[in-house]
Amino acid sequence: MSLPSLVPHRGRRFAVTARILSAVVFSFVCYLCIGIPLAVLPGFAHLDLGYSTIVAGLAVSAQYLATLLSRPHAGRMADAMGPKRTVVAGLIVLAISGLFLALAALVPKIPVLSLALILLSRLGLGFAESWVSTGSITWGIGGIGGEHTARVISWNGIATYGGIALGAPLGVMLGRDHGFISLGILTFALGVVALPLALAKARVAPSHGERLPFKSVLSRVMPYGVGLALGSIGFGSLSTFVALYYASRGWADAALSLSVFGGCFIGIRLIFGNAIDRFGGYRVAIASLFVECLGLVLLWQGTTPHAALAGAALTGAGFALVFPALGVEAVGRVSTHNRGAALGAYSVFLDVALGLTGPVGGWVAGLYDYPAIFLLAGFAALAAMLLATSLYLRFGRDRNVRDNRADARA
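Notes on the structure follow. (Residues numbered from 1 in each chain as written. Predicted model: local features only at pLDDT ≥ 70, side-chain atom pairs only at ≥ 80, totals over all residues. Heavy atoms only, no water.)

### Examining the overall build of the protein
Tallying secondary structure elements over the protein gives 15 helices and zero strands in all. Scaling as 2.2 N^0.38, a compact globule of 410 residues should have a C-alpha radius of gyration of about 22 Å, and the protein matches this with 21 Å. Oriented by its inertia axes, the alpha-carbon framework of the protein measures out at about 70 × 50 × 40 Å. Here the protein, with 410 residues, has 51% of them falling under the buried criterion. Summarising the internal contacts of the protein: among those between residues at least 6 apart in sequence, 83% fall at separations of at least 24. Surface accessibility of the protein: about 17,900 Å² in total, with carbon and sulfur atoms responsible for 70%. Looking at charge distribution, the protein has the averaged site of its 29 positive side-chain charges lying 8 Å from that of its 15 negative ones. (Helix = DSSP H or I, 4+ residues; strand = E, 2+ residues; numbered from the N terminus. Rg over C-alpha atoms; globule rule 2.2 N^0.38 Å. Buried < 20%, exposed > 50% of the residue type's maximum accessible area, 1.4 Å probe, protein only. Contact = heavy atoms within 4.5 Å. Areas by Shrake-Rupley, 256 points an atom, 1.4 Å probe, with all protein chains shown as cover. Lys, Arg positive; Asp, Glu negative; His and termini not counted. Charge placed at Lys NZ, Arg CZ, Asp CG, Glu CD.)

### Digging into empty space enclosed by the protein
A probe as big as a water molecule, rolled over the atoms, marks out the empty space that is left. If you walk through the whole model with that rule in mind, you get one cavity of 30 Å³ or more. Here the largest cavity is characterised by a volume of approximately 50 Å³. What lines the largest cavity is C33, P37, L41, S97, L101, S121, R122, L125 and T187. Looking at the lining of the largest cavity element by element, the count peaks at three residues for helix 5 (residues 111-144). (1 Å grid on protein atoms, 1.4 Å probe; cavity = no way out; pocket = protein on both sides within 12 Å on 5 of 7 lines; lining within 4 Å. Points joined across faces, edges and corners; volume = space filled by probe spheres on them.)

### Focus: helix 12 (residues 305-319)
Its 15 residues give helix 12 an end-to-end C-alpha distance of 21 Å, which sits within 8% of 21 Å, the value for a rise of 1.5 Å per residue. Among all positions of helix 12, only A307, A308, G311, A312, A313, T315, G316, G318 and F319 are buried. (Expected span 1.5 Å × (residues − 1).)

### Quick notes on the environment of V152
Relative to the elements of secondary structure, V152 occurs in helix 6 (residues 149-178). For V152 and A23, which are 129 residues apart along the polypeptide, the C-alpha to C-alpha distance reads 8.9 Å.

### Brief notes about the packing of aromatic side chains
By the definition in use, this model includes 14 aromatic pairs. Between Y245 and F374 the ring centres are 5.0 Å apart and the planes differ by 70°, which places this aromatic pair in the edge-to-face class. Here Y245, found in helix 8 (residues 214-248), pairs with F374, found in helix 15 (residues 370-409); they are 129 residues apart in sequence, far enough to count as distant. Across the pair, F374 and Y245 agree in class, each one buried. Seen from their ring centres, Y246 and W251 are 5.3 Å apart, and the 85° between their planes marks the pair as edge-to-face. For Y246, a relative accessible area of 1% corresponds to the buried category. Residue class for W251 comes out buried when judged on its relative accessible area of 16%. Taken together, the aromatic side chains of F235, F261, F265 and F319 make up a single cluster linked through ring pairs. The lysine or arginine in question, K201, covers the ring of W139, its NZ or CZ lying 5.3 Å from the ring centre. (Phe/Tyr/Trp six-rings, centres within 6.5 Å; stacked < 30°, edge-to-face > 60°. Lys NZ or Arg CZ within 6 Å of the ring centre and 35° of its normal.)

### What to know about the packing of helix 5 against helix 6
Pairs of packed helices are described in terms of their axes, by the angle between the two and the distance that separates them. The contact between helix 5 and helix 6 brings their axes to 9 Å, and the two run at 145°. In the packing of helix 5 onto helix 6, the handedness of the crossing is right-handed. On the side of helix 5, the interface is formed by S133, S136, I137, G140, I141 and I144, while helix 6 contributes T149, V152, I153 and N156. Of the residues belonging to the contact of helix 5 with helix 6, the class tally is five nonpolar, five polar and no charged. (Axes fitted to C-alpha atoms, helices over the stretch in contact; angles between N-to-C directions. Left-handed = near helix turned anticlockwise from the far one by under 90°. Nonpolar A, V, L, I, M, F, W, Y, C, P; charged D, E, K, R; others polar.)

From the geometry alone we can't say anything about function, so treat these as descriptive.
Below is the structure:
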């Protein structure tokens, strides 16, 4: 029985939100730990250990490779073993990754060993990200009912972006004042503190039923994943190239555009989080991708910093609901006991898109210029909008008819 049927109507909304937050708080802790070394690790590998910038970049990217490879397993784990055990396993690995990071700081005079420990830490953090994030979402959905899937995904997104946004400056401050080792110690401590909270939280029993092969789940969510990937190129382009874009035009305060993007992203999720429940995932995705496309075109054509800020704001506002809007429809294509696998498969497309945006965007910038990257991202958002429209025409209208009939019977 889902939570909404157990609480009074007036307190239902607050109770649902509280249950969601009690699950996605573990995603916040995980992404806080991801953000902590984000701005410090490349400098440590390059300046302290003496490796090239390429090796320093690969040390950071190792986490994303581990996340990409472990997403399908994380979904299956959440379905078969339950989200609680999945999150607990992720938090244990998260704490261990912090220990490896701290150990790496103790042996800077042995660069090979230090780099190996960093790579182990990054790989562990990547696995922890998959398990904690996927487990938190399925834990939240399982605790309050599938009808609140969109809200759970939205709040989880706020937790992840908020964690990174807080973790990055915190890591810079700690590294400056207490040394690189403090980053590993804090990561270990956060994992250890969060672990008993996860153990104390009520479990959600694994759902029983036929487990679809991963290939079958992947084929069902693929159209939505492709739409997500295309819509994520704008975010990847902005976060990766906006500083170089500003520098190429002689503008200052490139970080402000990222702040504006993040502020609009979180604001839209907080203000319009119920739009998916009211209008459906397809319609929200179409509108969101249209707004994102406008923002990217404005970045492409922007001739002043103010225009670029407006473009970043629109891009953040548009991208905010793309993941949950398409995600709720993707999860709806599979049965309840395959929900975790569907989330894992769907999230893979985001990982792939963000992983490819850097090299592809760099290639485009080399051929043309930095504004061309945002034009390409705008075309990708437009293609995603057309794909979402096609999916709506194929599946969405039938769902609307069923919902209207159910409302009429009620």
